[in-house]
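Tertiary structure, described
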Protein chains: 2
Amino acid sequence: MNDFSFSSPTKIIFGRGAELRVGEETAVFSKRILLHSGGGSAERSGLMDRVRSSLRAAGVEWVELAGVKPNPRVDLVREGVALCRKEGLDFILAVGGGSVIDSAKAIALGVRYGGDVWDFYEYRAKAESALGVAVVLTIPAAGSESSTSTVISNGELALKRGFSSELLRPRFACMNPELTFTLPAYQTACGAADIMAHVMERYFTNVRNVGFTDRLCEATLKTVIDSLPRVLADPEDYDARSQIMWAGSVAHNDLLGTGREGCWGSHGIEHELSALYDVAHGAGLAAVFPAWMKYVWSHDIPRFARFATEVWGVEADWEHPERAALEGIRRLEAFFAASGLPVTLAELGIPRDRIPEMAEKAVAKGGGTVGNFVKLSSSDVERILELASS
Amino acid sequence: MNDFSFSSPTKIIFGRGAELRVGEETAVFSKRILLHSGGGSAERSGLMDRVRSSLRAAGVEWVELAGVKPNPRVDLVREGVALCRKEGLDFILAVGGGSVIDSAKAIALGVRYGGDVWDFYEYRAKAESALGVAVVLTIPAAGSESSTSTVISNGELALKRGFSSELLRPRFACMNPELTFTLPAYQTACGAADIMAHVMERYFTNVRNVGFTDRLCEATLKTVIDSLPRVLADPEDYDARSQIMWAGSVAHNDLLGTGREGCWGSHGIEHELSALYDVAHGAGLAAVFPAWMKYVWSHDIPRFARFATEVWGVEADWEHPERAALEGIRRLEAFFAASGLPVTLAELGIPRDRIPEMAEKAVAKGGGTVGNFVKLSSSDVERILELASS
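The shown structure was predicted, so the numbers you read here are calculated from the model rather than taken from an experiment.

1. Overview of the packing of helix H14 (residues 355-364) of chain B against helix H15 (residues 378-389) of chain B
Residue and element names in this part refer to chain B. Interaxial distance between H14 and H15 falls to 8 Å at its minimum, and their mutual angle equals 130 degrees. The angle between H14 and H15 places the two elements in the oblique class. Seen from above, H14 lies across H15 with right-handed handedness. Across the interface between the two elements, Ile355, Pro356, Met358, Ala359, Glu360, Ala362 and Val363 from H14 touch Ser378, Val381, Glu382, Leu385 and Glu386 from H15. Considered class by class, the residues forming the contact of H14 with H15 number 8 nonpolar, 1 polar and 3 charged.

2. Focus on the domain arrangement of chain A
Residues and elements named next belong to chain A. According to the domain assignment, chain A consists of domain 1 (11-179) and domain 2 (184-389). The straight-line distance from the C-alpha centre of domain 1 to that of domain 2 is 26 Å. With 19 residues of domain 1 in contact, the opposing surface of domain 2 contributes 24 residues. For the side of domain 1 that touches domain 2, the secondary structure elements donating two or more residues are strand E1 (4-14) and strand E7 (159-164). Taken together, the residues of the side of domain 1 that touches domain 2 break down into 11 nonpolar, 5 polar and 3 charged.

3. Quick notes on the interface of chain B and chain A
Listed as interface residues are 32 residues of chain B and, on the opposing side, 32 residues of chain A. Where the side of chain B that touches chain A is concerned, the elements lending two or more residues are strand E1 (4-14), helix H8 (211-233) and helix H9 (238-250) of chain B. Its residues assigned to classes, the side of chain B that touches chain A comprises 12 nonpolar, 12 polar and 8 charged.

4. A short note on the environment of Ile269 of chain A
Residues and elements named next belong to chain A. On the secondary structure map, Ile269 appears in helix H10 (residues 265-277). For Ile269, a count of 29 C-beta atoms within 10 Å gives the class buried. For the pair Ile269 and Gly284, spaced 15 residues apart in sequence, the C-alpha separation works out to 9.1 Å. Filtering out sequence-adjacent residues up to four positions away, Ile269 remains in contact with Val288, Ala362, Val370, Val381 and Ile384.

5. Some words on the relation of the copies chain B and chain A
Once chain B is rotated about the relating axis by 180 degrees and shifted along it by 0.0 Å, it coincides with chain A to within an RMSD of 0.0 Å. Taken together, these values place the two copies in the relation of a two-fold axis. Across chain B, the smallest distance between a C-alpha and the rotation axis is recorded for Pro9 of chain B, namely 2.0 Å. In this assembly the copies share their binding face: 100% of the residues contributing to the interface of chain B also contribute to that of chain A.

6. Side note on the environment of Lys294 of chain A
All names here are of chain A. Structurally, the position occupied by Lys294 is in helix H11 (residues 281-296). For Lys294 and Gly96, which are 198 residues apart along the polypeptide, the C-alpha to C-alpha distance reads 34 Å. Residues within four places of Lys294 in sequence aside, it is in contact with Ile329 and Leu387.

7. What to know about helix H3 (residues 47-57) of chain A
All names here are of chain A. Among the residues of H3, Leu47, Met48, Val51, Ser54 and Leu55 are the ones counted as buried. Viewed along the axis of H3, the buried residues span an arc of 125 degrees, placing them on a single side of the element. Every exposed residue of H3 that faces more than 90 degrees away from the buried side is listed here: Asp49, Arg56 and Ala57. Contacts from the buried residues of H3 go to helix H1 (22-27), strand E2 (32-37), helix H2 (41-44), strand E3 (61-65), strand E4 (91-96) and strand E5 (132-137). Following H3 by one or two positions, Gly59 has its phi on the positive side, about 75 degrees.

Rules behind the numbers
Residues numbered from 1 in each chain as written. Chains lettered and ligands numbered in written order. Predicted model: local features only at pLDDT ≥ 70, side-chain atom pairs only at ≥ 80, totals over all residues. Axes fitted to C-alpha atoms, helices over the stretch in contact; angles between N-to-C directions. Helix = DSSP H or I, 4+ residues; strand = E, 2+ residues; numbered from the N terminus. Parallel < 35°, antiparallel > 145°, perpendicular 65-115°, else oblique. Left-handed = near helix turned anticlockwise from the far one by under 90°. Contact = placed C-beta atoms within 7 Å. Nonpolar A, V, L, I, M, F, W, Y, C, P; charged D, E, K, R; others polar. Domains from an automatic or database assignment. Buried ≥ 20, exposed ≤ 12 C-beta atoms within 10 Å, placed from the backbone. Least-squares fit on C-alpha atoms with pLDDT ≥ 70 in both. Arc of directions from axis to C-beta.

Quick look at the structure:
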């Protein structure tokens, strides 16, 4: 096990009606905030009005900035930075999923920084201060409600980049599983794939003697695997929705990565798909992750055999661990497909012609390689994307 | 699943040499602290001197109060309260295990309270303010390094009582598994029993649809069950020591209890053994918990069958779930015995004559019952202690 440092200070307020507590919780930090959202379904469902009432009742004033799209754009972030400065707002409440939260975190960074906020995502600036961020969560997926990270897209440069800092961990997150009842099946499945990917990027490690976090990872994966089909069959299954929602936060608050070094290769590759083709992150991961596994499994057969037996219930064939290993990958892919997710680039509508370009970009941020379990060169990434194509 | 609120703000600094960072971490909070310890083995091993050097290097002044004993006493707490007031100390660093940490938390409460600190443990006072507490951990057991609770004994009244408040969660905890290499086998096993009990008190719940936390509980139990024999065979097995140490914190930082209602019946009963006979808490739990299980298992056979199959690898006999349930209890008891723990009151040197008195005291704090999975009356507790006797 590696040395580590860990804390998970985000206050999680979980259960029916959790969003009604947003006013009192916000008032602890600020009385004048930016209310940031997508604007669409949260507005139509009446959630935004409930949030506004709660803020009003707690004496919190707000200025609104809606319009966050999936794969949130740096343009809107810049708008948010300017708005916070102009209006003197010192706290940001994000109402939505990972895109809104990541956009809020980017604004929180930008307001306290002299240069352009994109500098952080080019690793040209260090985070020394940020506004506080809080969340009313509507989509269990990114785990951004309790994580340190933000991922933003730059349309002009066709780049999607991430940045992390302890300063960005939300102060609190209101999580009401009922708010996810109206999520379409496809978006629900994309969210589950993202959650599973967050666990798997940590699970496939070269660090030894991490049995405790291995088991915590397996527990989290099995929870999503058990709950997703129930939610797809009955979108208003509160219990299954709640399991996924809580698992989605624990998957990415860093607990599961304590003492181990994760990989993030599949995330790095997927970001290039999203950057060029604007696909849903979870859908891109469903296509990339099995292909990544097919490419790297022989690097550590015992680990893939464990994944197969402990997560997927594959029988332990000790004479042929490679069979178990491959069967685990097959089951993951079949699970994604059965959940209505694309498992090839073709299903995502992505042609092969820009694979070399995506491969180059994927490794460029890491100085020539991406990932850690196996350090992948651009030609490795090309082959993974070829595997994902067919 | 129940609604819940959760955060785990304690900063965990984990790994070799973690204690050397105590000065810089303390200096963030205070430059004039109480250094609280047992004084014995931490002094002899040189740990206290390393802590002092680190504090000195960071410009932190301290006043020392050593002498905490297992089942820490309110008398020493009162001394600590007076000392902090006299010397103007506003932060407490606990170097030791659960007893030292719990004593430090009690002092932290007392300094900011006008009356006698025991009032908190009689539920006559509410915690509105407390000094900050931090920890250098030497014994993985109580989980007090990241929990909200403190348990203190009152020799005069022959009472052992607990109190909880978010104010008491330590600011940081330095956890170096190497510091536990010299723990005697018996103390190591007692610690493991305490950790397992913290998980089991949460696991045996009447709340349904808690699959995620069920699996996290099982992951934590399996980690201790896998690691303890390795540590007893080789006390300097860093990897196994580290698994137990980290599992011990996660077991009691409240994550495993999110969305569920725990029981704490066995803890409540054990506190009466410790109060009268001053036995090690973990040893008392090893004797009480299997007896509690033998008394209550028929209340929820599916839950005990799950405990048996998922935690202990008992084969799932769907036609006779009661067989699996009982086999799980048998394996727990056998595991404790094989680890050198007492599994009867006789082995603890506790006679039967004061069983009625202990049973009365155990239920007195709860208005006539103790526990939640099954609400136990004093005659139930008597019968459990009789079961534990033979």
